[in-house]
Amino acid sequence: MSSVPASAFLALALILFCIGLYGALTKRNTVIVLISIELMLNAVNINLVTFSKYGMAPSITGQVFALFAMAVAAAEAAVGLAILMSLYRNKKTVNIDEMDQMKH
Amino acid sequence: MMENAWLIPLFPLLSFLILLLIGKRLREASAYVGILLTLASLVFSILVLFERFTEPTYITKFDWLTIGDLHLTAGFEVNQLNALMLFIVSLVSFLVHTYSKGYMHGDERFPVFYAYLGLFTFAMLGLVISPNLLQTYIFWELVGVGSFLLIGFYFYKEEAKAAAKKAFIMTRIGDVGLFIGMILIFWQTKSFEYSEIFRAVEAGAVSQTMITLTAILIFIGAVGKSGQFPLHTWLPDAMEGPTPVSALIHAATMVAAGVYLVAALFPLFQASQTALLTVATIGAFTAIFAASIGLVQTDIKRVLAYSTVSQLGYMMLALGSAGYVAGVFHLMTHAFFKALLFLAAGSVIHAVHTQNIEEMGGLWKKLKFTGPLFLIGTLAISGVPGLSGFFSKDEILVAAWEGGHPVLFLLALIAAFFTAFYMFRLFFLVFTGEARGEQKHVHESPSLMTLPMLVLGVLAIIGGYVNTPWFGSFLGDWLVDGNEALGHGHIEGPAWIMIAATVVSLLGIYLAWLIYGKRSVARDWLSGAGGTLHTILLNKYYVDEFYQLIVVNFVKGFSYFLRFIDVFLVEGIVKGVAGFVQGLGITGSKMQNGQVQTYGAVAFIGLAVLAVIFALTGGYLK
Amino acid sequence: MNLSWVLTTLVFSPLLGIVVLAFMPKTQEKAIKFVGFLATLPALALALAAYAHYLAGKKLSDFTIGHEWIQFRGMSGDAPIFSVYYELGLSGFQLLLVVLTAVVATLAAIAARYVKKEWKGYFMLFLLLEVGMLGVFTAENLILFFIFFEITLIPTFFLIGKWGYFEKEKAAYSFLIYNGLGSAVLLIVIMILFAKTGTTNIDLLTKIMADPSAPLSGDLKLGLLISLLIAFGVKLPIFPLHSWMLKVHVQAPPSVVMIHSGILLKIGAYGLIRFGMGIFPAQFETLATLIAILGVINLLYGAFLAFIQSDFKMVLAYSSISHMGIVLIGLAAMNEAGIQGAIFQVVSHGLISALLFFLVGVLYERTDTSLIENLGGIAKGMPIAAGFLLAGAMASLGLPGMSGFVSEFMAFLGLFKELPWLAAVGTIGIIMTAAYLLRAVLGMTFGKAHREFIGFVDLKGVEFVPVVVLTALIVLIGVYPSVLSSPLQATLETIMLGLGG
């Protein structure tokens, strides 16, 4: 069907995941952190789809899982943003450095 | 009677226990308890001694301690030497008990004093009937404690405290020698029994090196107890104790225990020429060394103390020259005249309340009994013919000469000269001339004190006639009877030795008379001529200072060094470990900063590490 | 007659006291102290009865009790894979230690009259501690032993930390950490043994280990023995694991130090003899020289350091280190004399240090100090206390006629046979012991009084009980050592059999 090899998809997923991870771990702005997490989830989706096509036992299950993941990601983004909004109302900031409530 | 000899030490022990429990209520009546019980010991001792003249050695024992297959025994043995020692010890002890009733009168710890005397007498009597080395060692240490307690009797005096401590520790150094020697000989012969040891030695079951080594180690014990060089310094200091104690312990009995030990183990020593030579050399050296210090001391008791050290050296010389009889004989006569001298000195101190001879003088007329008795003792120790000391000293000189030690013989002869000189110096300074210090209310001591002195005075005169070249050597023959290994009862020596000894002692007396009696020679001609020498003598050759400098400071220094290790190294390692753990904890807790991103990073790093491990090892740590 | 109830009752009888105390109002000082004292008596009576039973010539194995206790079953089948039994028993050695424990505990309960606050809590912990100690010495099962071992730890921690002197918390923590680590090592050893052999019964283990086809390699055994040496070395203590013990000796209240120095340190020696030497005899032999060297180091190190201490409690603490060196020396000799000497030393030092620490308590109660230089000349005001102090010091420095000598003598007798040079070095310790003890004791009792001690009362009333009892026992052992040596013969034979001697 196509001459693009599976490793290319996986490499893309890897790069995407690393960008996401980097963003999630280093960015100050909570919105960007949430976006980075979405990137990581999407990297996972690419992997799922890739293996559903090129895996040892190709089947539709992988794509179904990707859809599930998207749905969950959407829900998670919604909840995440909601928490962020309420935090912002309380703290008047979206700077992640100041959000250390878990320590207390 | 001999089978009941074990009772002899128990009487004084009983006295000790009674006085410990109810002494406070008895007050000065405590003395009667002590006197009566030691009298019982004395009576038994005399009976045993007389029975021993006719009957063979009695020995009995029972198991004391079982170690696996080894059975260590305890018991008692009455042989010639032991019977003689029993008599000497119980006699002197009884006399001192009596004397102390007068001397210690008015002391608030009077019962305690008698209790301690009882303890000491018990230990000393126990020592001299021990049939084996272990038991000897046990009582050996106990007499040390008795001595320690009595030296420190005036415990509130700093000097007494220091002297007691010194006496205990210095004798303990010697005791460790005995301890090691005893254990080594045990593993060689599998027994502590004297008879077994001698049998093994005779049978050649023990190597020559081992015999020499153990004999010398045991001799170190004797050196400590008998105040031989180099462990002699405690004995003069021990004069801090009450004077009767000095007479009993530090003149007549305990310090002679070293001599007794060497005598009791004589066959072991005889098996090694090196050991004998060591004993003889140390003895002769101590004799002259202590005598030379005695020349210049000004404390009446210290002069006598150095004289004791010197005389004990004589006994060691005798034993080392294979003169078994001579050594034991001198031990006996010395016990009489030295106890007499100390008791007389006590009587003088009692009268004038000072120990400094420079503050005495002219006491001959005031102390009608003490003076002549002191003179008898002085004559006896100086070796004036006819008195006990003359015969025993002569025996020693003969033994040294015949033993083939001309140098040691010469040293002993010079020491005899010194002895005569310093004893008469003492006598002239104390009893003749004018009173130099303040002497108020000088009075003769009560008869309780003079009577024991009288008994000793008589013995100091006649005690020598049991073993003379003229009237036969009864004591010597009896002592070696049935045991030829100990040597002959009497050693024939050339007649000139006796003459030389007499001349030397008379010369010493004459010189002392010239300086201190007639005063035709100025007192300071010696100290003026050899100033440095005089200072050295006055400071006892700086041995104490040397020990202080080297030994004490070394021990202290080493202890502080160890403390340094304890505080810095041991504690340091502990602190280091604790610090490492704490650091680990602090690092860990820093990660818990509430930042989700840090948590994420840590989780990811952890995952990565696990992945790497998995990749490298395939899932298992090997 | 079935006597298997005796040991259980003996070990747990102090619990009765705890129950009674729990129902008492905590303000009744006198009543609490009296009940605390009474609660130690049943154990004492039973221990003495057991000794009498032995003296009557009957077997000590009459007391043995074994009961199913904990069992681990596999997924299938009914046979348990691992089972732990509740096993108590007595050998001659254990009997002596049990009697020693009971005696010292009773006397320490008397010494607890100086406790100033919260008597109720004090005595409840104290009695729990006694349960632990009695259990340790009677347990025939390693896991049971370990549980009792831990029971001794916790009450001691609180007793030190709450009722001690100025730096009590620090002392308590260093006690807990050191001993906790030690018991962790011990637990590992026990678990390895359990996993490899399937049993924790001590006698059974001894038999399995003696069998050459045992499922453990020689190296593993050596490793286990070294671990045991560390675990019990903390307790004993062996240099350089000793620093916790100094703090405890100085900071703990007198009655706890009596227990601690008298009994708890001895658990280390007991463990080394029973488990180290009993279970791994061959490996012990390879380590003998090392242990002898450690022993001599302990002996000299303690002695030299005791020589320069200014606090009498520190002198005694270092003296304990020094005396435990003698235990090691005796064990390292690996012959009857040495081992018997070590065991004697265990008992003897228990009595002597209990006596000395009681007297320290007496002095501290009256003078508020234990510094040597502050105390000089107390013999004037308190002659009896000073006399007993001197007697205790004499016993400690190994005066013949008292228990210290017999043990010291036998330990050295043993070592001189095997390693004469090392033993000769060790004898320096004998001299140093005399030096530091006399320096300290004479410094306190003799000499000029630094201040007026006239107003102080000498020993009186009930204070005489511990002092006289302990002194009497010390002298008894010194004069007639068979009281200890005859129960020990069977134990010794077993050990020597293990050593192949």
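What counts, and at which threshold
Residues numbered from 1 in each chain as written. Chains lettered and ligands numbered in written order. Predicted model: local features only at pLDDT ≥ 70, side-chain atom pairs only at ≥ 80, totals over all residues. UniProt positions renumbered as here; feature names shortened; annotations may be inferred. Helix = DSSP H or I, 4+ residues; strand = E, 2+ residues; numbered from the N terminus. Buried ≥ 20, exposed ≤ 12 C-beta atoms within 10 Å, placed from the backbone. Rg over C-alpha atoms; globule rule 2.2 N^0.38 Å. Contact = placed C-beta atoms within 7 Å. Core = buried A, V, L, I, M, F, W, Y, C linked by C-beta atoms within 7 Å. Nonpolar A, V, L, I, M, F, W, Y, C, P; charged D, E, K, R; others polar. Axes fitted to C-alpha atoms, helices over the stretch in contact; angles between N-to-C directions. Parallel < 35°, antiparallel > 145°, perpendicular 65-115°, else oblique. Expected span 1.5 Å × (residues − 1). Pairing = 2+ DSSP bridges. Bend = angle between axes of the 7 residues up to and from the residue. pLDDT = per-residue confidence, 0-100.

An unreviewed UniProt entry lists chain C under the name NADH-quinone oxidoreductase subunit M, with Neobacillus rhizophilus given as the organism. Check the Sequence similarities (unreviewed entry) section of the UniProt entry for chain C; it says "Belongs to the complex I subunit 4 family."

Chain A is annotated in an unreviewed UniProt entry as NADH-quinone oxidoreductase subunit K of Neobacillus rhizophilus. What UniProt states about chain A under its Catalytic activity (unreviewed entry) heading is, verbatim, "a quinone + NADH + 5 H(+)(in) = a quinol + NAD(+) + 4 H(+)(out)".

(A) Representation of the overall build of chain C. Regarding its fold elements, chain C presents 21 helices and two strands. Once the C-alpha set of chain C is aligned to its principal axes, its extents read approximately 80 × 60 × 45 Å. Every one of the 501 residues in chain C was classed for burial, and the buried ones make up 60%.

(B) The arrangement of the overall build of chain A in detail. Along chain A, the regular secondary structure elements total three helices and zero strands. Reading the secondary structure of chain A in the N-to-C direction produces α-α-α. Computed over the C-alpha atoms, the radius of gyration of chain A is 17 Å, more than 25% above the 13 Å expected from 2.2 N^0.38 for a compact globule of 104 residues. Taking the principal axes of its C-alpha atoms as reference, chain A extends roughly 55 × 25 × 25 Å. Across the 104 residues of chain A, 13% fall into the buried class. Sequence separation of at least 24 residues holds for 47% of the intrachain contacts in chain A that already meet a minimum separation of 6.

(C) Quick look at the nonpolar core. With 424 residues, the main nonpolar core has L86(B), M182(B), V262(B), L317(B), A339(B), L340(B) and A412(B) as its most contacted residues. When residues of this core are assigned to their parent elements, the largest contribution, 20 residues, is made by helix 18 (residues 406-431) of chain B. Setting aside residues no more than four positions away along its own chain, L86(B) makes contact with I8(B), S45(B), V48(B), L49(B), L125(B), V128(B) and I129(B). Counting residues in hydrophobic clusters, the runner-up holds seven residues, among them A13(A), A24(A), L41(A) and I96(A).

(D) Expanded view of the interface of chain B and chain A. Opposite the nine residues of chain B that make contact, chain A presents eight residues. Of the residues in the side of chain B that touches chain A, the class split is three nonpolar, six polar and no charged.

(E) Quick peek at the interface of chain B and chain C. Contacts between the two partners involve 38 residues from chain B, matched on the other side by 39 residues from chain C. Among the elements of the structure, strand 1 (58-67), helix 5 (133-151), helix 6 (158-189) and helix 24 (543-591) of chain B are those that each provide at least two residues to the side of chain B that touches chain C. In terms of residues, the side of chain B that touches chain C owes the most to one element, helix 6 of chain B, which gives 14 residues. Residues that form the side of chain B that touches chain C fall into these classes: 25 nonpolar, four polar and nine charged.

(F) A look at the environment of V475(C). Residues and elements named next belong to chain C. By secondary structure assignment, the location of V475 is in helix 20 (residues 464-479). When the C-alpha positions of V475 and I177 are compared, they lie 37 Å apart, and in sequence the two are 298 residues distant. Residues in contact with V475, not counting those within four places in the same chain, are G401 and M402.

(G) Highlighting the packing of helix 10 (residues 243-252) of chain B against helix 14 (residues 300-320) of chain B. All names here are of chain B. It is at 11 Å that the axes of helix 10 and helix 14 come closest, and there the two elements cross at 10 degrees. Judged on the interaxial angle alone, helix 14 and helix 10 are roughly parallel. Every residue of helix 14 that contacts helix 10 at T243, S246, H250 and A251 is listed here: K301, A305 and T308. Its residues placed into classes, the contact of helix 10 with helix 14 shows two nonpolar, four polar and one charged.

(H) Seen up close, helix 8 (residues 218-235) of chain C. Residue and element names in this part refer to chain C. Taking 1.5 Å of rise per residue, 18 residues should cover 26 Å, and helix 8 covers 26 Å from first to last C-alpha, within 8% of that figure. Here helix 8 has its buried residues at L224, L225, L228, L229, A231, F232, G233, V234 and K235. Summarising the contacts, the buried residues of helix 8 are in contact with helix 6 (168-197), helix 10 (254-279) and helix 11 (281-306).

(I) Here's a closer look at the pairing of strand 2 (residues 70-78) of chain B. Residues and elements named next belong to chain B. By the bridge criterion, nine bridges tie strand 1 to strand 2 in an arrangement that is antiparallel. Among the inter-strand pairings, Y58 is bridged to a residue of strand 2, identified as V78. Between strand 1 and strand 2, which pair antiparallel one after the other, the connecting turn spans two residues, and G68 there sits at a positive phi close to 60 degrees.

(J) Representation of the packing of helix 1 (residues 5-22) of chain C against helix 4 (residues 119-138) of chain C in the model. All names here are of chain C. Interaxial distance between helix 1 and helix 4 falls to 9 Å at its minimum, and their mutual angle equals 170 degrees. Taken as axis vectors, helix 1 and helix 4 run roughly antiparallel relative to one another. Touching L7, L10, V11, F12, P14, L15, G17, I18 and L21 of helix 1 are K120, F123, M124, L127, L128, E130, V131, L134, G135 and T138, all from helix 4. In terms of residue class, the contact of helix 1 with helix 4 is made up of 14 nonpolar, three polar and two charged.

(K) Examining the UniProt feature "transmembrane region" (unreviewed entry) in chain A more closely. The UniProt record marks residues 6-25, 32-52 and 64-88 of chain A with the feature "transmembrane region" (unreviewed entry), using the residue numbering of this structure. End C-alpha to end C-alpha, residues 32-52 of chain A measures 30 Å, and it is 100% helix and 0% strand.

(L) Molecular detail of helix 24 of chain B. For helix 24 of chain B, with 49 residues, the first-to-last C-alpha span of 69 Å sits near the 72 Å given by 1.5 Å per residue. The axis of helix 24 of chain B is deflected most strongly, by about 35 degrees, at G572(B). Judged by how many residues are buried, helix 24 of chain B sits mostly at the surface: three of 49 residues are covered. Turning to helix 24 of chain B, its buried residues number three or more, namely S559(B), L562(B) and D566(B). Here the buried face of helix 24 of chain B lies against helix 11 of chain C.

(M) Fine view of unusual backbone geometry. Cis geometry marks the peptide bond from F229(B) to P230(B); its omega dihedral reads 5 degrees. Note on placement: P230(B) falls in the loop between helix 8 (208-225) and helix 9 (234-237). Look at the link from F239(C) to P240(C): it is a cis peptide, with omega at 5 degrees. The topology assignment puts P240(C) in the loop between helix 8 and helix 9 (243-251). The backbone of H353(B) shows a phi angle near 55 degrees, a positive value even though the residue is not glycine. By secondary structure assignment, the location of H353(B) is in the loop between helix 15 (324-352) and helix 16 (370-382).

(N) Summary view of the environment of K393(B). Residues and elements named next belong to chain B. If you trace the backbone, K393 turns up in helix 17 (residues 388-402). Taking the C-alpha atoms as reference, K393 lies 31 Å from H350; in sequence the two are 43 residues apart. Setting aside residues no more than four positions away along its own chain, K393 makes contact with Y314, H330, G383, A416 and A501.

(O) Up close: the environment of L46(C). Residues and elements named next belong to chain C. As for its position among the elements, L46 is in helix 2 (residues 29-55). Here the alpha-carbon distance between L46 and V6, two residues 40 residues apart in the chain, equals 7.3 Å. The residues contacting L46, other than those within four sequence positions of it, are V6, T9 and L10.

(P) Local environment of the arrangement of the chains. For the two pairs of chains in contact, the maximum contact count is reached by chains B and C. With no contact formed, the shortest span from any C-alpha in chain A to any C-alpha in chain C equals 29 Å.

(Q) Spotlight on the confidence of the model for chain C. Averaged over every residue, the pLDDT of chain C is 88; the share at 70 or more is 97%. Per-element mean pLDDT across chain C ranges from 80 in helix 15 (residues 378-381) of chain C up to 92 in helix 4 of chain C.

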